[in-house]
Amino acid sequence: MNACAAFRFRLPPPSVTALLLALAFLAMPGARADVPREYKLKAAFLFNFTKYVQRPSALPADSERTIVIGLLGSDPFEGELQRIARGRRSGSHPVAVRVLTGLEEVGAADLLFVPAAEEGRFAALAAKLRKVPVLTVGESGRFLDDGGVLAFVRDGDRLRFSIALGAVRRSGLQVSAQLLSLATLVPEKGQP
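Nothing here was measured: the structure is a model prediction, and the numbers come from that model.

Student: Can you walk me through the overall build of the protein chain in this structure?
Tutor: Across its full length, the protein chain carries 7 helices and 10 strands. Expressed as a percentage of its 192 residues, the buried residues of the protein chain come to 47%. Of all intrachain contacts in the protein chain linking residues separated by at least 6 positions in sequence, the fraction that spans at least 24 positions is 62%. Per element, the accessible surface of the protein chain, about 9300 Å² overall, is 56% carbon and sulfur.

Student: Looking at this structure, I do not really get the environment of Asp155. What am I missing?
Tutor: Structurally, the position occupied by Asp155 is in strand β7 (residues 150-155). A polar contact of 3.0 Å, which involves the side chain of Asp155, links it to the side chain of Arg160.

Student: Would you mind showing me how to read the pairing of strand β6 (residues 135-138) here?
Tutor: On a regular strand, each side chain points to the face opposite its neighbour's, so the side chains alternate between the two faces of the sheet. Burial along β6 is two-sided: Leu135 and Val137 facing one way and Thr136 and Gly138 facing the other are all buried. Pairing between strand β5 (residues 111-113) and β6: 3 bridges, direction parallel. Bridging from a neighbouring strand, Leu112 pairs with Thr136 of β6. Handedness of the β5-helix α4 (residues 119-129)-β6 crossover: right-handed.

Student: Mind showing me how you'd approach the nonpolar core here?
Tutor: Nonpolar side chains in soluble globular proteins tend to be buried together. Among the nonpolar cores identified, the biggest contains 53 residues, and Leu46, Phe49, Leu81, Phe113, Leu135, Phe152 and Phe161 are the most heavily contacted of them. Looking at this core, the element that brings in the most residues is helix α2 (residues 37-52), giving 9 residues. Sequence-distant contacts of Leu46, defined by excluding residues within four places in its chain, comprise Ile69, Phe77, Leu81, Leu111, Phe113, Val137 and Phe152.

Student: Mind showing me how you'd approach the packing of aromatic side chains here?
Tutor: Centre-to-centre distance and the angle between the planes together describe a pair of aromatic rings. Scanning the model with the defined rule gives 9 aromatic pairs in all. On the basis of an interplanar angle of 70 degrees and a centroid distance of 5.2 Å, the ring pair of Phe49 and Phe161 is categorised as edge-to-face. Here Phe49 is found in helix α2, whereas its partner Phe161 is found in strand β8 (residues 158-164), with 112 residues between them in sequence. Overall, the relative accessible area of 2% leaves Phe49 in the buried class. Here Phe161 falls in the buried class, since its relative accessible area comes to 1%. These aromatic residues form a ring-pair network of at least three members: Tyr39, Phe45, Phe49, Phe77, Phe113, Phe152 and Phe161. The aromatic ring of Tyr39 is capped on one face by Lys42, whose charged end is 4.8 Å from the ring centroid.

Student: Help me understand the sheet that holds strand β10 (residues 184-186), please; the structure alone is not making it clear to me.
Tutor: Each strand in a sheet pairs with its neighbour through backbone hydrogen bonds, running either in the same direction (parallel) or in the opposite one (antiparallel). If you walk across this open sheet you meet the 8 strands as β3-β4-β2-β5-β6-β7-β8-β10, and the pairing is mixed. Edge positions in the sheet fall to β3 (89-90) and β10, since each has one partner strand and no second. Across the sheet, α4 touches β2 (67-72), β5 and β6, and the angle it forms with β6 is around 160 degrees.

Student: What should I look at first to understand unusual backbone geometry in this one?
Tutor: Phi is positive for Glu78, close to 50 degrees, though the residue is something other than glycine. One can find Glu78 in the loop between β2 and α3 (80-85). The exposure class assigned to Glu78 is partly exposed, which follows from its relative accessible area of 36%.

Student: Could you clarify how one ought to interpret the pattern of salt bridges in this entry?
Tutor: The tally for this structure, following the rule as stated, stands at 11 salt bridges. One salt bridge connects Lys42 with Glu139, and the closest N-O pair in it is separated by 2.5 Å. Placement of Lys42 in helix α2 and of Glu139 in the loop between β6 and α5 (141-145) is noted, with a sequence separation of 97 residues between them. By the burial criterion, Lys42 is buried, and Glu139 matches it. For Glu188, the salt bridge goes to Arg169, with nearest N and O atoms at 2.4 Å. Of this pair, Glu188 sits in the segment after β10 while Arg169 is found in helix α6 (residues 165-171), placing the two residues 19 residues apart along the sequence. By relative accessible area, which is 24% here, Glu188 ends up partly exposed. One network of salt bridges, with partners in common, ties together Glu38, Lys42, Glu139 and Arg154.

What counts, and where the lines are drawn
- Residues numbered from 1 in each chain as written.
- Predicted model: local features only at pLDDT ≥ 70, side-chain atom pairs only at ≥ 80, totals over all residues.
- Heavy atoms only, no water.
- Helix = DSSP H or I, 4+ residues; strand = E, 2+ residues; numbered from the N terminus.
- Buried < 20%, exposed > 50% of the residue type's maximum accessible area, 1.4 Å probe, protein only.
- Contact = heavy atoms within 4.5 Å.
- Areas by Shrake-Rupley, 256 points an atom, 1.4 Å probe, with all protein chains shown as cover.
- Polar contact = N/O pair within 3.5 Å; in protein donor to acceptor, adjacent residues only side chain to side chain.
- Pairing = 2+ DSSP bridges.
- Right-handed = clockwise from strand over helix to strand, strands pointing away.
- Core = buried A, V, L, I, M, F, W, Y, C linked by side-chain atoms within 4.5 Å.
- Phe/Tyr/Trp six-rings, centres within 6.5 Å; stacked < 30°, edge-to-face > 60°.
- Lys NZ or Arg CZ within 6 Å of the ring centre and 35° of its normal.
- Axes fitted to C-alpha atoms, helices over the stretch in contact; angles between N-to-C directions.
- Salt bridge = Lys/Arg side-chain N within 4 Å of Asp/Glu carboxyl O.

Rendered as structure tokens:
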């Protein structure tokens, strides 16, 4: 199912709410003008992805367990993602944003954002993360080929995202139907 056209005007009502919430973060006082618009959008989407992707139920459900958004290697958001997450919760969980420099830190993240400059480095650790319940998010279609779960894709002046269904299945993550309806779904290799 290709729901990219849904971004134009045909979003289902729950998705409209999520999108408006993401955009509301951008209009908040204190937003940094020097952060590129693309990264402001990506920051809002990343925060909201934590609400629509759940780790396997075997993991602790403690409402005080902090959801960690990891940034591999550097912070291309220039603090914008930290500003969005500060004092906010994802469901009942507090959220923390951390720059992760060591590969051993990556497995502790709930969501791992891999900037384009780090995608080559991700390819080396993708096998390690293949069956770990971490939502890996990159910035190119190639990221999905390397084992990533979700990738932002620019389509002209629009920002869209694709989700690799095989990577979701292997990781054990539960992705909500609302998020899937907004994505371009990439079937598992060998599947129609």
